[in-house]
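# Breakdown of the fold
The chain contents come next:
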Amino acid sequence: MEETLVIIKPDGVKKQLVGEIITRFEKRGFKIKKLKMEQLREQTVKEHYAHLKEQVFFMDVVNFMTSGPVVVLILEGPNGVASVRQMVGATNPQDALPGTIRADYAFVSGSNIIHASDSLESAKIEIERFFGE
Ligand code: IDP
Ligand code: MG
């Protein structure tokens with residue numbers, strides 16, 4: 001069993017996809033360990049996406065992620081980190097496999113509906129960042 005951190009981004013909330021997305025994970029057998037809706041602070045987003053700070057689109061990502069409320073969850077399941085990433089799909093929705101969340105609901109990297117931790121190590125850090133545990 002592994003825990004992983006998921007964020008339904010502001011576009012996912014605005015498009016009213018929260019229920020739809022959570023249903024996919026529940027049907028797959030993931031357990032919701034924690035769940036909250038909040039407006040992210042700029043500082044939190046900058047930390048969360050620090051690996052992108054040299055990219056020209058960094059501030060676009062920061063502005064996008066603070067443009068409205070997000071839903072943050074901890075999901076638990078077998079091989080949780082990798083299976084959730086698989087369900088999320090590639091960063092660029094146009095490269096994402098059909099049936100993945102990004103392929104089904106998004107068109108561009110800049111607004112790709114959902115975040116999921118990319119390794120066990122980052123899951124641990126992100127769970128601490130968003131839920132302080
Ligand atoms: P990931 O979300 O699939 O893990 P990362 O490389 O960690 O991808 O990038 C984090 C987020 O930054 C992406 O989900 C996307 O929203 C945004 N992003 C990444 N690459 C680009 C880009 O080339 N243009 C615009 N936004 C991007
Ligand atoms: Mg990432």
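Values in this document were obtained by computation on a predicted structure and should not be read as measured data.

Of all eight residues in strand β3 (residues 70–77), eight are buried; the element is thus mostly enclosed. Burial along β3 is two-sided: Val70, Val72, Ile74 and Glu76 and Val71, Leu73, Leu75 and Gly77, pointing in opposite directions, are all buried. Two strands pair when backbone bridges link them, and strand β2 (residues 31–38) and β3 are joined in this way by seven bridges, in the antiparallel orientation. When the bridges of β3 are listed, lysine 36 appears paired with valine 72.

This brings us to helix α7 (residues 120–131). With 12 residues, α7 should reach 16 Å at 1.5 Å per residue; the first-to-last C-alpha distance of 16 Å fits that figure. All of the buried residues in α7 are Ser122, Ala123, Glu126, Ile127, Phe130 and Phe131. For α7, the arc enclosing every buried residue in end-on projection is 135°, short of the 170-degree limit, so these residues lie on one face. For α7, the exposed residues set more than 90 degrees away from the buried face come down to Glu121 and Lys124. Summarising the contacts, the buried residues of α7 are in contact with β1 (2–8), β2, α3 (42–48), β3, α5 (80–88) and β4 (114–116). In the segment just after α7, glycine 132 is the residue with positive phi, at about 60°.

About the thresholds
Residues numbered from 1 in each chain as written. Chains lettered and ligands numbered in written order. Predicted model: local features only at pLDDT ≥ 70, side-chain atom pairs only at ≥ 80, totals over all residues. Heavy atoms only, no water. Buried < 20%, exposed > 50% of the residue type's maximum accessible area, 1.4 Å probe, protein only. Helix = DSSP H or I, 4+ residues; strand = E, 2+ residues; numbered from the N terminus. Pairing = 2+ DSSP bridges. Expected span 1.5 Å × (residues − 1). Arc of directions from axis to C-beta. Contact = heavy atoms within 4.5 Å.

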